[in-house]
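# Topology and contacts: notes
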Amino acid sequence: MRIGELSRRAGVNAHQLRYYEAQGLLEADRGTNGYREYDENAVLRVKQIRHLLGAGLSSEDIAYLLPCAIGEAPELLGCPELLAAMRSRLQRLDDQMNRLAQSRDALADYIDAADRMSSESYPPFDDADQEPVPA
């Protein structure tokens, strides 16, 4: 099948399919006319790629995992290298979430402090002559 048909059947844009091919995730033969030709397994492969991308895996991770993928969801065979790669990715996500939570807490603290300060008059005035106090 050509790229347009694969795009329609898999529900992704043609430029995404070309990207998957460039990343080594998808293979295409070339016809005598130079057009990409995909086999029937390409639809399943694209759906697997989409699911794995949705899990936050990089295209590099996916290239490593695809040989172990079975079915559309996909199910992954539990070879030790595969499990180590997925655990490493999970740890990176956990670390990123912790950093984001810390940033969120710091921002919330700044907002709370600013809210408390807004209840006071701004800019602060010197009681004697009601002029703003220089910073």
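Throughout, a residue's number is its position along its own chain's written sequence, starting from 1. Given that this is a predicted model, residues contribute local features only at a pLDDT of at least 70 and side-chain atom pairs are listed and counted only at 80 or more, while totals for whole chains, interfaces and linings are drawn from all residues. In computing side-chain values, all of the structure's heavy atoms are included and hydrogens and water are not.

All right, on to the packing of aromatic side chains then. In summary, the pairing rule links any two rings of Phe, Tyr or Trp, Trp by its six-membered ring, whose centres are within 6.5 Å, and it sorts them by plane angle into stacked for under 30 degrees, edge-to-face for over 60 and tilted for everything else. Scanning the entire structure with this criterion turns up one aromatic pair. Centroid distance Tyr19 to Tyr20: 6.3 Å. Interplanar angle 65 degrees. Geometry classified as edge-to-face. Burial classes: relative accessible area under 20% of the type maximum marks a residue as buried, over 50% as exposed, and values in between as partly exposed (1.4 Å probe, protein chains only). By relative accessible area, Tyr19 is classed as partly exposed at 43%. On the basis of relative accessibility, which here comes to 3%, the residue Tyr20 falls in the buried class.

Residues enter patches when they are more than 30% accessible in relative terms and free of salt bridges; like-charged ones are connected within 9 Å and nonpolar ones (Val, Leu, Ile, Met, Phe, Trp, Tyr) within 5 Å. Reported accessibility uses the Shrake-Rupley method at a 1.4 Å probe radius. Residues are deemed covered only where the shown protein chains occlude them. Just to be clear on terms, a salt bridge is a Lys or Arg side-chain nitrogen sitting within 4 Å of an Asp or Glu carboxyl oxygen. Charge counting follows a simple rule: Lys and Arg are positive, Asp and Glu are negative, and His as well as the terminal groups are ignored. In plain terms, the charge of a residue is placed at NZ if it is Lys, CZ if Arg, CG if Asp and CD if Glu. Taken together, the side chains of Asp105, Asp109, Asp112 and Asp115 make up a negatively charged region of the molecular surface. Within the element layout of this structure, Asp105 appears in helix α5 (residues 80–118). The class of Asp105 is partly exposed, set by a relative accessible area of 44%. The helix count covers DSSP runs of H or I at least four residues long, the strand count covers runs of E at least two residues long, and both are numbered beginning at the N terminus.

The next point concerns the nonpolar core. Nonpolar core, defined: a set of buried Ala, Val, Leu, Ile, Met, Phe, Trp, Tyr and Cys residues in which side-chain atoms within 4.5 Å join the residues together. One finds Leu6, Leu17, Leu26, Tyr38 and Val46 to be the most contacted residues of the largest nonpolar core, which totals 22 residues. Secondary structure elements with two or more residues in this core: α1 (3–10), α2 (14–22), α3 (41–54) and α4 (59–65). Two residues qualify as a contact provided that any one of their heavy atoms is within 4.5 Å of a heavy atom in the partner residue. Apart from the residues within four sequence positions on either side, Leu6 is in contact with Met1, Gly11, Leu17, Leu26, Tyr38, Ala42, Val43 and Val46.

Now for a nonpolar patch on the surface. Residues Leu107, Tyr110 and Ile111 make up a contiguous nonpolar surface patch of about 360 Å² in total accessible area. Looking at the element boundaries, Tyr110 is found in helix α5.

Turning to α2, its buried residues number three or more, namely Gln16, Leu17 and Tyr20. Taken down its axis, α2 places every buried residue within 100 degrees of arc, on the same side. In α2, the exposed positions angled more than 90 degrees off the buried face are occupied by His15 and Ala22. In this fold, the buried residues of α2 make contact with α1 and α3. Positive backbone phi, at 80 degrees, marks Gly24, one or two positions downstream of α2. Comment: arc refers to directions from the helix axis out to C-beta atoms.

If the charged atoms of two oppositely charged side chains come close together, the side chains can form a pair. Taken as a whole and judged by the stated rule, the model has five salt bridges. In this structure, Arg2 engages Glu37 in a salt bridge whose closest nitrogen and oxygen atoms are separated by 3.6 Å. Separated by 35 residues along the polypeptide, Arg2 in the segment before α1 and Glu37 in strand β2 (residues 36–37) bring together distant segments of the chain. You can call Glu37 partly exposed: its relative accessible area is 27%. Put simply, Glu40 and Arg9 hold a salt bridge, and the shortest N to O gap is 2.8 Å. Of this pair, Glu40 sits in the loop between β2 and α3 while Arg9 sits in helix α1; the two residues are 31 residues apart in sequence, bridging distant segments of the chain.

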